[in-house]
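# Notes for the structure review
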Amino acid sequence: MNASDAAPPPPAADGGLSAVAPQLRSLRRRAGLTLEAAARAAGLSPAHLSRLETGHRQPSLPMLLALARTYGTTVSDLLGETAADRDAIVRAADMEPTRAGGWTYVQAGASGRGMQALRVRVPYGSQGDIVRVHPGEEWLYVLGGRLRLRLGDTAHLLGPGDSAHFDSLTPHRLAAEDHDGVELLFVHTLLQSPTATLCLGPSSGELP
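Treat the numbers as computed from the prediction; the structure is a model and nothing was measured.

Attention now goes to helix α2 (residues 20–30). Every buried residue of α2 is listed here: Val20, Ala21, Gln23, Leu24, Arg25, Leu27 and Arg28. Directly beyond the C-terminal end of α2, a positive phi value near 75 degrees is found at Gly32.

This next bit is on the pairing of strand β1 (residues 97–100). Both β1 and strand β2 (residues 103–107) contribute to a ladder of four bridges, which runs antiparallel. Bridging from a neighbouring strand, Arg99 pairs with Thr104 of β2. Counted along the chain from β1 to the antiparallel partner β2, the turn is two residues long, and its residue Gly101 has a positive phi close to 60 degrees.

What describes two packed helices is the angle between their axes and the distance between those same axes. Running from N to C, helix α4 (residues 46–53) and helix α5 (residues 61–71) point in directions that differ by 95 degrees, and their axes come no closer than 13 Å. Judged by the angle between their axes, α4 and α5 are roughly perpendicular. The residues of α5 that touch α4, namely those facing His48, Leu49, Leu52 and Glu53, are Met63, Leu67 and Tyr71. Looking at the contact of α4 with α5 residue by residue, the class counts come to five nonpolar, one polar and one charged.

For the rest of this paragraph, the subject is the sheet that holds strand β9 (residues 172–176). Strand order in the open sheet made by the three strands is β7-β6-β9, with antiparallel pairing throughout. The sheet is open, and its two edges are formed by β7 (154–158) and β9, each paired on a single side. Ignoring which end each strand starts from, the neighbouring axes of this sheet average 20 degrees apart. Of the strand pairs in this sheet, strand β6 (residues 147–151) and β7 are connected by five bridges, and their pairing is antiparallel. Note on β7: the bridge partner recorded for Leu149 is His156.

This part covers the nonpolar core. Membership of the largest hydrophobic core comes to 21 residues, with the highest contact counts inside it found for Leu44, Leu49, Leu52, Leu67, Tyr71 and Leu78. Those elements giving two or more residues to this core turn out to be α2, α3 (35–42), α4, α5 and α6 (75–78). Per element, the largest residue contribution to this core is eight residues, and it comes from α5. If near-sequence neighbours (up to four positions away) are discounted, Leu67 is found in contact with Leu24, Ala42, Leu44, Leu49, Leu52 and Leu78. Ranked by size, the runner-up nonpolar core spans 18 residues in total, among them Trp103, Leu118, Val122 and Phe186.

All right, on to the pattern of salt bridges then. Using the criterion set out here, one finds five salt bridges in the structure. A salt bridge links Glu53 to Arg28; the shortest N-O distance between them is 2.6 Å. Here the residue Glu53 occupies a position in helix α4, and Arg28 occupies one in helix α2, the gap between them amounting to 25 residues. The residue Glu177 makes a salt bridge to Arg148 at a minimum N-O spacing of 3.2 Å. Highlighted residues: Glu177 in the loop between β9 and β10 (182–188) and Arg148 in strand β6, separated in sequence by 29 residues.

With that out of the way, let us pick up α3. Every buried residue of α3 is listed here: Leu35, Ala38, Ala39 and Ala42. Looking down the long axis of α3, one finds its buried residues gathered within 100 degrees of arc, a one-sided arrangement. Among the exposed residues of α3, those pointing more than 90 degrees away from its buried face are Arg40 and Ala41. Looking one or two places after α3, you find Gly43, whose phi comes out positive at around 75 degrees.

Mapped onto the secondary structure, Arg99 falls in strand β1. Residue classification places Arg99 among the exposed residues on the basis of a relative accessible area of 63%. Residues Arg99 and Arg121 lie 22 residues apart in sequence; the distance between their C-alpha atoms is 9.4 Å.

The rules we used
- Residues numbered from 1 in each chain as written.
- Predicted model: local features only at pLDDT ≥ 70, side-chain atom pairs only at ≥ 80, totals over all residues.
- Heavy atoms only, no water.
- Buried < 20%, exposed > 50% of the residue type's maximum accessible area, 1.4 Å probe, protein only.
- Helix = DSSP H or I, 4+ residues; strand = E, 2+ residues; numbered from the N terminus.
- Pairing = 2+ DSSP bridges.
- Axes fitted to C-alpha atoms, helices over the stretch in contact; angles between N-to-C directions.
- Parallel < 35°, antiparallel > 145°, perpendicular 65-115°, else oblique.
- Contact = heavy atoms within 4.5 Å.
- Nonpolar A, V, L, I, M, F, W, Y, C, P; charged D, E, K, R; others polar.
- Core = buried A, V, L, I, M, F, W, Y, C linked by side-chain atoms within 4.5 Å.
- Salt bridge = Lys/Arg side-chain N within 4 Å of Asp/Glu carboxyl O.
- Arc of directions from axis to C-beta.

So this is what it looks like as structure tokens:
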């Protein structure tokens, strides 16, 4: 056992992530990884991972995603959530629409998970100049209409049945191509993010 494994944790800090430290250590040991091997696989230094496991540092979402991949688990598992805490089924009658910035969002998955699933209605001319950048991954599927998607410096036109899967740290913009708008199925790994906070601000130019 490494010396860092034997270090006693400090008193629990306030906040929702206070239970992460022992869970990180437990999952690493369950995976049969040394501190050094786990840190290397997750792109962290052993000292940094040791501080996360002892509660001296709180992990960012990118760190949680990297560690979840390393341990072959989910962000929810890292956070110590149990399946009994969540309902696997989301009924249509329980899907309340939320409107923000002209878009309409309908929750299409359970809350408190490492992924958030939404049905999104994008009207024509709404938020087309908003650049979005956030940790995690993003997948979208066009249900109806046509979507103008800008990833970095490249623009794509997607129609019904088309999909896109990309790193959400890539600056991206979404706009409806037609006056009837576009409807999307949208999944991202930004844990517990209110939909409205995905918009970072106007871009310096227009979508081509």
